[in-house]
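Examining the three-dimensional arrangement
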Amino acid sequence: MNELSHEELFLLHLAKYHFELTSFDCEEFIEQMDWDRLFTVCVRHKLFTLLYKAMERYIPDEKKEPFAKRFSYKAMFKNRLLSELKQIIEITQQREIKYTYLKGFVISNLLYDDLNARDSNDIDIVVDENDFLAFSELLRDVKFERTLYSDSLYAVETLVKNSSNQGIFHEYWYLKQVGEIKIAVELKSNTSAIPRKHIKEFCEKNEVYIVEGVKIVSNDMLHTFLHLCANAYSDSEERVGVERGFRLRDYVDIYSYLNKYQTRMDWNLIAELSNKYEMLHKIFCVLNNLNSLFDCIPTNIIEIFNTVNNTYNYQGYETGSVVAWKTSFSHRMFNYNDRILEYRGLCLERWFSPMNVNFNKPVKILNRKDSVLPRNFRKCFGYRDHNLQYAYRYEYDAENLYLIIQSTWPEKYHLSFYFYTNSLDLCGPSANFNIREILFKVFNDKIEIELDTKPIKRIQLEEVQRSQTEVEVTIPLEEVLSADTSCKYGYYSVLWEDYGERLLPVNMGGYGNEDDPEEVDNLGILAFT
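Below: a short report on this structure. (Residues numbered from 1 in each chain as written. Predicted model: local features only at pLDDT ≥ 70, side-chain atom pairs only at ≥ 80, totals over all residues. Heavy atoms only, no water.)

Some points on the packing of aromatic side chains
Each aromatic ring pair is characterised by the separation of its centres together with the angle its planes make. The condition is simple: Two rings belonging to Phe, Tyr or Trp (six-membered ring only in the last case) form a pair when the distance between their centres is within 6.5 Å. Interplanar angles under 30 degrees mark stacking, angles over 60 mark edge-to-face geometry, and anything in between is tilted. Counting from the N terminus, the helices are the DSSP runs of H or I reaching at least four residues and the strands are the DSSP runs of E reaching at least two. Throughout, exposure labels follow a simple rule: accessible area from a 1.4 Å probe, protein chains only, divided by the maximum for the residue type, with under 20% read as buried, over 50% as exposed, and the rest as partly exposed. Comment: the charge-over-ring label is applied if NZ (Lys) or CZ (Arg) is within 6 Å of the ring centre and within 35 degrees of the ring normal.
Scanning the model with the defined rule gives 30 aromatic pairs in all. The interplanar angle of 85° and the centroid separation of 6.0 Å between the aromatic rings of Trp267 and Phe305 together place this pair among those described as edge-to-face. Here the residue Trp267 occupies a position in helix α12 (residues 267–276), and Phe305 occupies one in the loop between α14 (299–302) and α15 (329–334), the gap between them amounting to 38 residues. For the pair Trp267 and Phe305, a shared accessibility class is recorded, and that class is buried. Ring centres of Tyr392 and Tyr394 lie 5.7 Å apart, and the angle between their planes is 70°; this geometry places the pair in the edge-to-face category. Taken together, the ring pairs in this structure connect Tyr390, Tyr392, Tyr394, Phe417, Phe419, Phe440 and Tyr491 into an aromatic cluster. Lying over the aromatic face of Phe359, Lys488 brings its terminal NZ or CZ to 4.0 Å of the ring centre.

Some words on the pattern of salt bridges
Close approach of charged atoms lets side chains of opposite charge pair. Here is the rule: Should a side-chain nitrogen of Lys or Arg be within 4 Å of a carboxyl oxygen of Asp or Glu, the pair is scored as a salt bridge.
On inspection of all chains with the given rule, the structure shows 25 salt bridges. We note a salt bridge from Lys260 to Asp113, for which the minimum N-O separation is 3.0 Å. Taken together, the positions of Lys260 in helix α11 (residues 248–261) and Asp113 in the loop between α6 (104–112) and β2 (122–126) put the pair 147 residues apart, joining distant regions of the chain. Relative accessible area serves as the criterion here: at 30%, Lys260 is assigned to the partly exposed category. A single salt-bridge network, built from bridges that share partners, covers Arg368, Arg393, Glu395 and Glu472.

Considering the packing of helix α9 (residues 221–237) against α12
Basically, it comes down to this: Each axis is a line fitted through C-alpha atoms, and for a helix only the stretch in contact is used; angles between axes span 0 to 180 degrees, taken between their N-to-C directions. Working rule for angles: under 35 degrees goes down as roughly parallel, over 145 as roughly antiparallel, 65 to 115 as roughly perpendicular, anything else as oblique. A crossing counts as left-handed when the near helix is turned anticlockwise from the far one by less than a right angle, and as right-handed when that turn is clockwise. We call two residues contacting when some pair of their heavy atoms lies within 4.5 Å. Gly counts as polar in this scheme, as do all residues outside two lists: the nonpolar Ala, Val, Leu, Ile, Met, Phe, Trp, Tyr, Cys and Pro, and the charged Asp, Glu, Lys and Arg.
Following both chains from N to C, one finds α9 and α12 inclined at 60°, their axes separated by 11 Å at the closest point. Our classification of the angle between α9 and α12 gives oblique. As α9 runs across α12, the sense of the crossing is right-handed. Together, Leu222, His223, Phe225 and Leu226 of α9 and Trp267, Leu269, Ile270, Leu273 and Ser274 of α12 make up the contact between the two elements. Taken together, the residues of the contact of α9 with α12 sort by class into 7 nonpolar, 2 polar and no charged.

Quick look at the environment of Ile30
Here Ile30 lies in helix α2 (residues 27–31). Through-space distance from the C-alpha of Ile30 to that of Met55 is 9.5 Å; in sequence the pair is 25 residues apart. Every residue in contact with Ile30, bar those within four places of it in the chain, is listed here: Phe10, Trp35 and Tyr58.

Some thoughts on empty space enclosed by the protein
Operational definition: The way it works is a 1 Å grid over only the protein atoms, where trapped points that fit a 1.4 Å probe form a cavity and open points with protein on both sides within 12 Å along at least five of seven lines form a pocket, and then any residue with an atom within 4 Å of a point lines it. Grid points are joined across faces, edges and corners, and a volume is the space filled by probe spheres set on the points.
Under the counting rule described, the total for this entry stands at 5 cavities of 30 Å³ or more. By volume, the second largest cavity is sized at about 70 Å³. What lines the second largest cavity is a set of 12 residues, and nearest its centre among them are Ser407, Trp409, Pro410, Tyr413 and Leu495. When residues of the lining of the second largest cavity are traced back to their parent elements, those giving at least two are β10 (385–396) and β12 (413–420). When grouped by side-chain class, the residues that make up the lining of the second largest cavity number 8 nonpolar, 4 polar and no charged.

As for the nonpolar core
To be explicit about the condition: We call a set of buried Ala, Val, Leu, Ile, Met, Phe, Trp, Tyr and Cys residues a nonpolar core when their side-chain atoms join them within 4.5 Å.
In this structure, Phe225 and Leu248 are the most contacted members of the largest nonpolar core, which totals 131 residues. With 9 residues, the single largest contributor to this core is helix α13 (residues 280–294). Not counting residues within four places of it along the chain, the set of residues in contact with Leu248 comprises Leu11, Leu12, Ala15, His45, Leu47, Leu293, Phe294, Met333 and Phe334. In terms of nonpolar packing, the next biggest core, distinct from the first, is built from 38 residues, Val363, Val442, Val473 and Leu526 among them.

Given below as structure tokens:
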């Protein structure tokens, strides 16, 4: 595997020393610098605004323009973002809506004494479920539009009228076009970082911060630290963060917090709260990652958070991670393709082992040659909406796999089944997912069934609903699984809601993480009878 590039090493040094360039010999870096690459790496890791002033005087004249333009744009963007935040906060005070503002400008003030230092692109708000509708109405009143994804102004206003349309995600995205700038608000009743059952209590531990004359409610200092660590864990150790790409900025924030406040920190209290919020393993993992970058925390402090000290049910590795990483943290930070390949292989290793709670209690694929077949279906419910449900079972014979579905087949809902065909001997750090998909698309009074986007069957929806028959799909066995009945296979299902250009996942077949349903910690397992 490749070592870190010259520019990545420079960024790590610069991030460690911030504005103290005299603390390390930078001349060697400057002489060999690929400034275009450094620009890209800084933006990618959201450290541009923090480090620009530190490196500005070293940038060659012919390379200054893109750096200066980027810095000016981010300053303008931050001013607009702060203006929108002030307006939102003022209205929450008028309407007496409780909220918790996460990170953003509060972190910029606490850690860097500079509102523009920390690169953030949105407004992150947690509200109690009871205040969710009121806050959604507030955002619409100030011209924000609901969108399925943060990268588009594809707004679907009717989504807020039905709680099931939040899908498996813990947030709603709202966007507002202001000239050429898009301002995003991420509104949520829980986060991927804090377990759902603890989020209410966690967000009661708040204090008021003054930002540009506006009183903003955010986590108190102690809970800010816990959230920074838990958020860094989600981004660097769990699937969504690993595959979308985590950023060095998250760890620089923690490093900066320690630099500024470590002498005041009660580590035993932090460990006690970490256990209470079921995140001790996350803090242990993140502090070890941080030390591998900056070597800034004594080992005896990190050991307070060792996973052997947790008092809750923890199903992970002794490092605190959900996979047994083989490469260094710094390598994973900067090498996207290597990180993805390693993560997927290690997920397979975990899923096809007793680390997966489903491994020793697989869903049975029933043999049709048996004289009596049990008629048991596995039932699944729409996330947060138990009126939206389906059930399924698997059967096979010498040639075919049969997937039998029971459903009300509502219009605009699609159902996918994903099969992981890797056998046990293919698992490990260099493995990759080999996935087959069976998709049931419900539209125009028909159910169209596809295998890996290729149509294989079409059924009139009216006929299915009238007769209340089950829908059965026949697929040559070796096209989905192998004929080796001694193997176990991974699978999960996803129920999608169709909004034309976008599909919103509303169910992960019971295999999504309870606190963060986007994550599939324990893949479903299939085994032949």
